[in-house]
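Below are the chains, spelled out letter by letter.
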Amino acid sequence: MNLSLSDIVPPLRWTSPRQIAPIADDPRLPQVWWQALPVDRACATIGTPQVAARLADLSMACWGHLVLGDILPLVRFTDPLDSARTADTLGREVVHKLCLSVIERLLEPAETRTAVPPHPTRPELPIPELINEVFAELDDRQRAIARDRLYAPQRATLDELAQRFSVTRERIRQIERDLRDHVESWLSSPDAAPVVAHVTWLRGRLGSAVPADDLAGAVAWHRADLTALGIPVWRFVRTLLTGFEQVDGWLVAGGADELREKTRQLFTDGPRPLPEAVSLVAQLGVRDDVAERWIMAVPHLRVLDGHVVAWPRSVNEKAEAVLAIAGIPLTPEEIQERIGEDYSLVGIRNQLTADDRFLRVDRNKYGLDRWGGEQYLGIREMIAREIERAGGEASVNTIVTNLTTRYDVSESSVRAYAGGPGFERTQRGWIRVAGQEVAEPYQPRRDVSETRRCFRSRDGRWWHRVDVNAEHLRGSGSPLPTGFAAYLGMAPGGQLTASAPSGDVVISWHNQPTMGSIRPVLVEFGAQEGDHIFLTVSDGGELLTRFLQSAAPSLPPLNRALHLIGYTAPVASEAEGARLIGARIGLAEGSGRDDVLARLRERGDRDILAFLDPTVP
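Parameters at a glance
Residues numbered from 1 in each chain as written. Predicted model: local features only at pLDDT ≥ 70, side-chain atom pairs only at ≥ 80, totals over all residues. Heavy atoms only, no water. Helix = DSSP H or I, 4+ residues; strand = E, 2+ residues; numbered from the N terminus. Rg over C-alpha atoms; globule rule 2.2 N^0.38 Å. Buried < 20%, exposed > 50% of the residue type's maximum accessible area, 1.4 Å probe, protein only. Areas by Shrake-Rupley, 256 points an atom, 1.4 Å probe, with all protein chains shown as cover. Lys, Arg positive; Asp, Glu negative; His and termini not counted. Charge placed at Lys NZ, Arg CZ, Asp CG, Glu CD. Phe/Tyr/Trp six-rings, centres within 6.5 Å; stacked < 30°, edge-to-face > 60°. Pairing = 2+ DSSP bridges. Axes fitted to C-alpha atoms, helices over the stretch in contact; angles between N-to-C directions. Parallel < 35°, antiparallel > 145°, perpendicular 65-115°, else oblique. Contact = heavy atoms within 4.5 Å. Nonpolar A, V, L, I, M, F, W, Y, C, P; charged D, E, K, R; others polar. Polar contact = N/O pair within 3.5 Å; in protein donor to acceptor, adjacent residues only side chain to side chain. Core = buried A, V, L, I, M, F, W, Y, C linked by side-chain atoms within 4.5 Å. pLDDT = per-residue confidence, 0-100. Expected span 1.5 Å × (residues − 1). Arc of directions from axis to C-beta. 1 Å grid on protein atoms, 1.4 Å probe; cavity = no way out; pocket = protein on both sides within 12 Å on 5 of 7 lines; lining within 4 Å. Points joined across faces, edges and corners; volume = space filled by probe spheres on them. Salt bridge = Lys/Arg side-chain N within 4 Å of Asp/Glu carboxyl O.

1. So, the overall build of the protein chain
Here's step 1: Across its full length, the protein chain carries 34 helices and 20 strands.
Here's step 2: Relative to the compact-globule value of 25 Å for 617 residues, the protein chain shows a C-alpha radius of gyration of 37 Å, a clear excess of over 25%.
Here's step 3: Taking the principal axes of its C-alpha atoms as reference, the protein chain extends roughly 110 × 70 × 40 Å.
Here's step 4: Looking at the 617 residues of the protein chain, the share that counts as buried comes to 46%.
Here's step 5: As displayed, the protein chain offers around 31200 Å² of accessible surface, 49% of which is attributable to carbon and sulfur atoms.
Here's step 6: Mean positive and mean negative side-chain charge positions of the protein chain (71 and 83 charges, respectively) differ by 2 Å.

2. Here we look at the packing of aromatic side chains
Here's step 1: Applying the stated rule across the entire model yields 9 aromatic pairs.
Here's step 2: Between Phe525 and Phe547, the ring centres sit 5.1 Å apart and the planes meet at 15°, which makes this aromatic pair stacked. Of this pair, Phe525 sits in helix H30 (residues 519–525) while Phe547 sits in strand S20 (residues 543–548), and the two are 22 residues apart along the sequence.
Here's step 3: Taking relative accessible area as the criterion, Phe547 reaches 24% and is therefore assigned partly exposed.

3. Side note on the sheet that holds strand S17 (residues 505–509)
Here's step 1: Ordered by their spatial adjacency, 4 strands build an open sheet running S15-S18-S17-S16, and the pairing between neighbours is antiparallel. Both edges of this open sheet fall to strand S15 (478–479) and strand S16 (495–498), since each of them pairs with a single strand only.
Here's step 2: Pairing of S17 with strand S18 (residues 513–515) involves 3 bridges; the strand directions are antiparallel. Paired with Ile507 across the two strands is Met515, which belongs to S18.

4. Details of the packing of helix H22 (residues 315–326) against helix H23 (residues 332–339)
Here's step 1: At their nearest, the axes of H22 and H23 sit 10 Å apart, and the two run at 100° to each other. Regarding the angle of H22 to H23, the classification is roughly perpendicular. Counting all contacts with H22, which are made through Val315, Lys318, Ala319, Val322, Leu323 and Ala326, the residues of H23 involved are Ile335, Arg338 and Ile339.
Here's step 2: Among the residues forming the contact of H22 with H23, the class breakdown is 7 nonpolar, no polar and 2 charged.

5. Thoughts on the side chain of Asp605
Here's step 1: Within the element layout of this structure, Asp605 appears in the loop between helix H33 (593–603) and helix H34 (606–612).
Here's step 2: For Asp605, a relative accessible area of 0% translates into the label buried.
Here's step 3: Within polar-contact distance, the side chain of Asp605 engages the side chain of Arg603 at 2.6 Å.
Here's step 4: In this view, Asp605 contacts Arg452, Arg453, Phe455 and Leu600; residues no more than four positions away in its chain are not counted.

6. What to know about the nonpolar core
Here's step 1: Ranked by internal contacts, the top residues of the largest apolar core, which has 41 residues, are Ile131, Phe135, Tyr151, Trp186, Val195 and Phe236.
Here's step 2: Listing elements by their share of this core, those giving two or more residues are helix H12 (127–136), helix H13 (140–150), helix H14 (158–165), helix H15 (169–187), helix H16 (193–206), helix H18 (233–240) and strand S5 (250–253).
Here's step 3: Look past the residues within four positions of Ile131 in its chain and what remains in contact with it is Trp186, Val195, Leu226, Val233 and Phe236.
Here's step 4: If you look at the next biggest cluster of nonpolar residues, it comprises 36 residues, including Leu12, Ile20, Val51 and Trp63.

7. Some thoughts on the pairing of S17
Here's step 1: Among the 5 residues in S17, 4 count as buried, and that is most of the element.
Here's step 2: Connecting S16 to the antiparallel partner S17 that follows it, the hairpin turn spans 6 residues, and Gly503 within it adopts a positive phi of roughly 130°.
Here's step 3: The turn linking S17 back onto S18 is made up of 3 residues.

8. Quick notes on the confidence of the model for the protein chain
Here's step 1: Averaged over all residues, the pLDDT of the protein chain equals 88, while 95% of them reach at least 70.
Here's step 2: The spread of mean pLDDT over the elements of the protein chain runs between helix H2 (residues 11–14), the lowest at 80, and strand S14 (residues 462–467), the highest at 96.
Here's step 3: In the predicted structure, residues 111–123 sits below a pLDDT of 50 and forms 8 contacts with residues beyond four places in sequence or in another chain.

9. Quick look at unusual backbone geometry
Here's step 1: The phi torsion at Val32 lies on the positive side, around 50°, for a residue other than glycine.
Here's step 2: Examined against the element boundaries, Val32 turns out to sit in the loop between helix H3 (17–24) and helix H4 (33–36).
Here's step 3: The exposure class of Val32 is partly exposed, given its relative accessible area of 28%.

10. Thoughts on the pairing of strand S9 (residues 358–362)
Here's step 1: The buried count for S9 comes to 4 of 5 residues, which makes it a mostly enclosed element.
Here's step 2: As consecutive antiparallel partners, S9 and strand S10 (residues 365–368) are separated by 2 residues.

11. Things to note about the sheet that holds strand S8 (residues 307–310)
Here's step 1: Spatial strand order, S6-S8-S7: 3 strands in an open sheet with antiparallel pairing. Because the sheet does not close on itself, it has two edges, and the strands there are strand S6 (272–273) and strand S7 (301–304).

12. Structural notes on H15
Here's step 1: Over its 19 residues, H15 extends 27 Å from the first C-alpha to the last, a length consistent with the 27 Å expected when each residue adds 1.5 Å.
Here's step 2: Along H15, the residues that are buried comprise Ile172, Ile175, Glu176, Leu179, Val183, Trp186 and Leu187. Buried residues of H15, seen end-on, are gathered within an arc of 115° and therefore sit on one face of the element.
Here's step 3: Turning to H15, the residues buried within the fold contact H12, H13, H14, H16 and H18.

13. Some remarks on empty space enclosed by the protein
Here's step 1: This model, assessed by the stated rule, comprises 1 cavity of 30 Å³ or more.
Here's step 2: The computed volume of the largest cavity comes to approximately 80 Å³.
Here's step 3: Around the largest cavity, the lining residues are Val346, Arg349, Asn350, Ala500, Pro501, Ser502, Val521, Glu524, Leu543 and Thr545.
Here's step 4: For the lining of the largest cavity, the secondary structure elements donating two or more residues are helix H24 (345–354), H30 and S20.
Here's step 5: Per-element accounting of the lining of the largest cavity gives the leading share, 3 residues, to H24.
Here's step 6: Tallied by class, the residues present in the lining of the largest cavity amount to 5 nonpolar, 3 polar and 2 charged.

14. Focus: the pattern of salt bridges
Here's step 1: One pass over the structure, following the stated rule, counts 45 salt bridges.
Here's step 2: Put simply, Asp288 and Arg18 hold a salt bridge, and the shortest N to O gap is 3.5 Å. Within this pair, whereas Asp288 is found in helix H21 (residues 288–297), its partner Arg18 is found in helix H3, the two being separated by 270 residues in sequence.
Here's step 3: Under the relative-accessibility criterion, Asp288 is labelled partly exposed at 32%.
Here's step 4: Judged by its relative accessible area of 52%, Arg18 falls in the exposed class.
Here's step 5: For Arg302, the salt bridge is made with Glu341, and the minimal N-O distance between the two is 3.8 Å. Of this pair, Arg302 sits in strand S7 while Glu341 sits in the loop between H23 and H24; the two residues are 39 residues apart in sequence, bridging distant segments of the chain.
Here's step 6: Overlapping salt bridges bring together Glu374, Arg385, Glu386, Arg389 and Arg406 as one network.

So this is what it looks like as structure tokens:
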């Protein structure tokens, strides 16, 4: 016998050796023995059951989606029923038993096998001509139904064909059924053996998923015409590929949804380099040369910087994936560019600041918290941190050197903050934090929940709504409510600097809390009079902003009220709207409409009240 295992197992010829070797290798056999060694010699070396066992393991690991008859065509003759089932369906034990039976039968001496009378031979025809003969003797009506319904990309309806040939729909259905039976009968005959063999080869060639146009180019004659029908041969061949589903331009063996999910599961543990990802996907039966295209076609996967990564729906998780692949901190602008979707820069920056998975490591750079490292806090807070590390007193020059070396801050900014409020000079000319005594937190007359235009988001953070006017657009400062300033940790006489990419915003409290110009922020959003900016300050001293255009006058009153608290999604009822407003102004769960109206009156939110209660003047 001079047959190797790959001669009787077609998938061994197109599956990558690096995928086969871990399963099939044996120290007693040469490398790539499934191609280099006759089957009888392999069986004599390690035993027939071991050869069959390796074939069964390969079938389960690499070709589970294929019917067993496509993996080992000889099983079609020994076990026709089981040959039509997939390896996954049969299970490893049954697959091993069937493989062992075929190999043992193959190793039997020729004289012990039952002789099969030869089929009368006929001159060999090219396969397109062989197929054409099946339809050559059909009448015009039968050919039209085959061409326009059985093998058409856009199938004609029964009604259209019935009207064309002046018969009933049922008559068209009967002719269609007869045509199918005619083709099935021919496929079962010895004359169709070359076509059946080609389809078997083709299943292995296509793998578990392939671009649909690959079928037409699989062999040159697929594009030849069947003259009897006037269609390309590949359209007929496509109908013989039972078990393949055509979805979104792909031919997929079995269920497309199942293969997509199996592909996604390969990347749940994190990004994989593209070559490794291709090898992993090849284990699902996808050919190496189309594996990258398949990955890109699977929803919620992305090829990014030479890696394949799970690509979830939320911007937070996408930012996490981008950083995980980059391996270094990035700016919000760089993260936005790499995500490459329609997310606003401000929205990305807000999520990076609010989500504990991210760590701000420089003035405008973020990394992953799991990487470790020191958080960038803002210049004043970092000066205080340097003083604390030095034992309560530190040289300004040392502080300047440390901060400008580690962070993207200028020497002049560090010296300005070091000489400003919050620090005092010692006798040696060094500085320390002023007022070391721990002061009680300032208690405003009204808590932030009782303060007009202040609203709580789902993460518990309170935001203040600024209604944009001409003074804001000119660059003037504006007052802040006392309750909101106290929420930010301020007290009379204090100052807070909130950093933003467009420039720092200083909040100071002399007679009343006052916020400096936010004009650069408004310019970034393209804000106009009547628009709204919701703002707060993060624990790290970063100004967080959310922009909302003014509401359309055509909105219903309830939706306009919700707009003023920053909520723009639809609501199902008045009760749901009242519940949302109650939660945003700090009321307990279950508070009713009357409680909401009463709290809004206490806070002074007359603009919201006017939309909820027509009696408000």
